[in-house]
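Letter by letter, the chains look like this.
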Amino acid sequence: MLDPGSHLSVVVDLCPSQWHLSATHALPLNTFLAQLLAFLNAHIASKHENSLAVFGAFPGKSLCLYSSDDPALESQAIDPNSYPPFKLVDSTVVTRIMDELDELGEHLLSAPSSLVGALTKALCYVNRITLPSSSTPNKRADALDPAILPDPRILVLSVSPDLSTSYIPIMNAIFSAQKLKVTIDVCQLYGPDSVFLQQAAHLTGGSYIFLERRDALLQYLIMAFLSPPSIRKVLSVPTQDKIDFRAACFCHKNIVDIGFVCSVCLSIFCQPVPVCSTCRTKFPMKTLQRLNASRPMANSTPSRPSSTTPQTRPAPTPGPTTNGSSVPSPRGLPNSGNGVVRVAPPNGTRV
C-alpha cells in the first residue's frame, strides 16, 4: 500500500500593525511571503500525495486562502513556463492576501488578528479531510481506517502578542487537536514569546521556535517544520527548553502567576471569590479568610506592587514558584511552571 503522504495546514498571522513593526526589524511582509511560499512549495514537492491548506488571520476575521482539494482552483489559467502546482500556490495565496488587506478599513488596521478563529478553521478542515462522510463522492471506502489517514499537522506563524481573552478558546483548540491527534507547530516571528502558543505546541507534541535571526526564516522553517511528525522521531528537531504554563484568570482575563481554582468547575481566579462566576458554587467564609491570609501580599515587603497586578506578586514561603520548579505546592496541589494553584472547597467542605 502506498504512503498517503501528510497534510499541512498553515495559519498565518496577518495583523497589519504588527507587520508594520516587524518591518522595522528586518522582516517586512513581502520578504516573509517570499520565504513562506518557498517553504510551501518544498512541502508540495517532497511528496506527490502531500496536501496543503493555508489560512489567514486578519483583523476581525479569518479565512482559507488556499486548499489543495479546492475544485475552483483547477479552472485557473496555468503558466506553461512554470511548474503548475507551484504557480497555483504562489498566485492564489499572494492574491488573496493582498485583496483582503486592501479591503480592510482604517478602524481595523490596529485591531488584533483572529488567530484563534484561523486555528479553529484549520482544525475543522483537518477533521473534514481525515474523517470524510460516507456520502462524500470520490472517496475510497477504506478512507475511514485510521491506519491510512494522512499525518496532519498545523503550523502557526504568529507576529502578535498573547490576548488574555483568547485563553479559553485556545485551550479548547488544544483539546480538539489532541483528540484529532493533530500536531501544532509554532514559529513566533516577532514580538515576545507567546505563552498560550507555547502550551499548544507542548501539549500536542509539536515544536515552538522563537525566530532570532529573521533573515534565516526559510532555514528555520525547513529545518524544524518541513518533516512530518512520523519522521521527526529519527531527526534532531529543535524542542523547547522551557515552557510557560501560566494561565489567564476568568474574572479579569489577566495572565497570573498564582491563581485560585474552583474545586467544582476548575475555573481560575486571581483572588478568592465568595461565589464562582462559572458554576455559582458558594464558598464558606472561613475558607475565604484563610486563603486571603495566605496570599503572597501578606508576607511581601511594602515595595512590592499592589494586588491589582497578581502576575508580579512574590511566591509564598511554602512552595517556590520559580520557572521550572518541581517543588510540590501546599497540601499536595498541582504546581506547574511558575504558578501555584490554590483550590477553594465548596460550601460545607472541610479542609
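Each value, and the rule that gives it
The numbering scheme is per chain: residues are counted from 1 as the chain's sequence reads. The predicted nature of this model means local features are confined to residues of pLDDT at least 70 and side-chain atom pairs, given and counted, to a pLDDT of 80 or more, with totals for whole chains, interfaces and linings taken over all residues. Heavy atoms throughout the structure, all of them, feed into the side-chain values; hydrogens and water do not. Strands here mean DSSP runs of E at least two residues long; helices mean DSSP runs of H or I at least four residues long; both are numbered from the N terminus. Here the term buried applies to any residue with accessible area under 20% of the maximum for its type, exposed to any over 50%, and partly exposed to those in between, with areas from a 1.4 Å probe on protein chains only. Every residue pair with non-hydrogen atoms within 4.5 Å of one another is taken to be in contact. Accessible areas in this description were obtained via Shrake-Rupley with a 1.4 Å probe; residue shielding takes into account the shown protein chains only. For every element, the axis is a line fit to its C-alpha atoms; helices are fit only across the contacting stretch, and the angle between N-to-C directions ranges from 0 to 180 degrees. In what follows, roughly perpendicular refers to angles from 65 to 115 degrees, roughly parallel to angles under 35, roughly antiparallel to angles over 145, and oblique to any angle outside these ranges. The residue classification treats Ala, Val, Leu, Ile, Met, Phe, Trp, Tyr, Cys and Pro as nonpolar and Asp, Glu, Lys and Arg as charged. All others, Gly included, are polar. What a helix should span is 1.5 Å times the count of its residues minus one. Charged-residue counts in this description rest on Lys and Arg as positive and Asp and Glu as negative, His and the chain ends being excluded. Whenever a carboxyl oxygen of Asp or Glu lies within 4 Å of a side-chain nitrogen of Lys or Arg, that contact is scored as a salt bridge. N or O atoms closer than or at 3.5 Å make up a polar contact, with two conditions inside protein: a donor-capable atom paired with an acceptor-capable one, and, for residues adjacent in sequence, both atoms drawn from side chains. Note that the arc is computed from the directions linking the helix axis to the C-beta atoms. Planes of paired rings set the category: under 30 degrees apart is stacked, over 60 is edge-to-face and the rest tilted, where pairs are Phe, Tyr or Trp rings (Trp by its six-membered ring) whose centres lie within 6.5 Å. How sure the predictor is of each residue is captured by pLDDT, a score from 0 to 100. Pairing between strands is defined by DSSP: at least two bridges between them are needed.

Trainee: So what about the overall build of the protein? Which residues, and what values?
Mentor: For the protein, the helix and strand inventory stands at nine helices and twelve strands. Residues classed as buried in the protein amount to 46% of the 351 residues present. Considering only intrachain contacts with a sequence separation of at least 6, the fraction spanning at least 24 residues in the protein is 64%. Total accessible area computed for the protein in this model is approximately 17900 Å², and 57% of it derives from carbon and sulfur atoms.

Trainee: Now, about the packing of helix 5 (residues 167-180) against helix 6 (residues 195-203): what can you tell me, with residues and values included?
Mentor: Across the interface, helix 5 lies against helix 6 with an axial gap of 10 Å and an inter-helix angle of 10 degrees. Considering their axes alone, helix 5 and helix 6 lie roughly parallel with respect to each other. Facing Tyr167, Ile170, Met171, Ile174 and Gln178 of helix 5, the residues of helix 6 in contact are Phe196, Gln199, Ala200 and Leu203. Looking at side-chain class alone, the contact of helix 5 with helix 6 contains seven nonpolar, two polar and no charged residues.

Trainee: Before we move on, can you summarise unusual backbone geometry with the specific residues and values?
Mentor: Glycine aside, the phi torsion of most residues is negative, and most peptide linkages are trans. One non-glycine residue, Lys181, adopts positive backbone phi at about 60 degrees. Here Lys181 is to be found in the loop between helix 5 and strand 5 (183-188). Residue class for Lys181 comes out exposed when judged on its relative accessible area of 71%. Look at Arg280: it is not a glycine, yet its phi comes out positive at around 65 degrees. Within the secondary structure layout, Arg280 lies in the loop between strand 10 (268-269) and helix 9 (285-293).

Trainee: How would you summarise helix 5 if you had to cite specific residues and measurements?
Mentor: Taking 1.5 Å of rise per residue, 14 residues should cover 20 Å, and helix 5 covers 20 Å from first to last C-alpha, within 8% of that figure. The inward-facing, buried residues of helix 5 abut helix 4 (115-130), strand 5, helix 6, strand 7 (247-248) and strand 10. Looking one or two residues beyond helix 5, the residue adopting positive phi is Lys181, at roughly 60 degrees.

Trainee: Any details on the side chain of Asp13? Residues and values, ideally.
Mentor: Its location among the elements puts Asp13 in strand 1 (residues 6-13). No salt bridge forms around the buried Asp13; measuring N to O, its nearest opposite-charge neighbour Arg214 is 13 Å away. Only 3.2 Å separates the side chain of Asp13 from the backbone nitrogen of Val159, close enough to count as a polar contact. Beyond its immediate stretch of four places on either side in the chain, Asp13 contacts Trp19, Ala57, Ser113, Leu115, Leu157, Ser158, Val159 and Ser160.

Trainee: Can you explain helix 3 (residues 84-103)? Please cite residues and give values.
Mentor: The periodicity of an α-helix, 3.6 residues per turn, causes residues three or four places apart in sequence to face the same way. When the terminal C-alpha atoms of helix 3 are compared, their 28 Å separation across 20 residues agrees well with the 28 Å that a helix rising 1.5 Å per residue should span. Inspection of helix 3 places Leu88, Val89, Thr92, Val93, Ile97 and Glu100 among the buried residues, and these make up the whole buried set. End-on, the buried residues of helix 3 take up no more than an arc of 130 degrees, which puts them together on one face.

Trainee: So what's going on with the side chain of Gln198? Which residues, and what values?
Mentor: Locating Gln198 in the fold gives a position in helix 6. By relative accessible area, Gln198 is classed as buried at 7%. Setting aside its immediate chain neighbours within four residues, Gln198 contacts Asp193, Tyr208, Gln240, Lys242, Ile243 and Asp244.

Trainee: Let's hear about the packing of aromatic side chains: which residues, and what values?
Mentor: One pass over the full model with this rule turns up four aromatic pairs. Between Phe55 and Tyr125, the ring centres sit 6.0 Å apart and the planes meet at 70 degrees, which makes this aromatic pair edge-to-face. Here Tyr125 lies in helix 4 and Phe55 lies in strand 2 (residues 51-58), a separation of 70 residues in the sequence. With a relative accessible area of 4%, Phe55 lands in the buried category. Note on Tyr83 and Phe86: the rings are 4.8 Å apart at their centroids and 80 degrees apart in plane angle, and the pair reads as edge-to-face. Residue Phe86 is classed as partly exposed on the basis of its relative accessible area, which comes to 24%.

Trainee: Lay out the confidence of the model for the protein in plain terms, naming residues and giving numbers.
Mentor: The predicted model of the protein averages 78 in pLDDT, with 76% of residues at 70 or higher. Considering only residues more than four positions removed or in separate chains, one finds that residues 298-341, a stretch of pLDDT under 50, has 70 contacts.

Trainee: Let's hear about the pattern of salt bridges: which residues, and what values?
Mentor: Scanning the model with the defined rule gives five salt bridges in all. Residue Arg128 is joined to Asp69 by a salt bridge in which the shortest nitrogen-to-oxygen separation is 4.0 Å. Note that Arg128 is positioned in helix 4 and Asp69 in the loop between strand 3 (61-67) and helix 3, a separation of 59 residues in sequence. Accessibility expressed as a relative area gives 49% for Arg128, which makes it partly exposed. Classification of Asp69 by relative accessible area gives partly exposed; the value is 37%. The salt bridge partner of Arg246 is Asp257, with a shortest N-O separation of 3.5 Å.

Trainee: Mind laying out the sheet that holds strand 4 (residues 151-158), listing which residues take part and the relevant values?
Mentor: Strand order in the open sheet formed by six strands is 3-2-1-4-5-6, and the pairing between neighbours is mixed. The open sheet is flanked by strand 3 and strand 6 (208-210), the only strands paired with a single partner. Direction aside, neighbouring strands of the sheet carry axes that sit 15 degrees apart on average. Bridge count between strand 2 and strand 3: six bridges; the pairing is antiparallel. Pairing of Ala53 across the sheet is with Ser67, part of strand 3.

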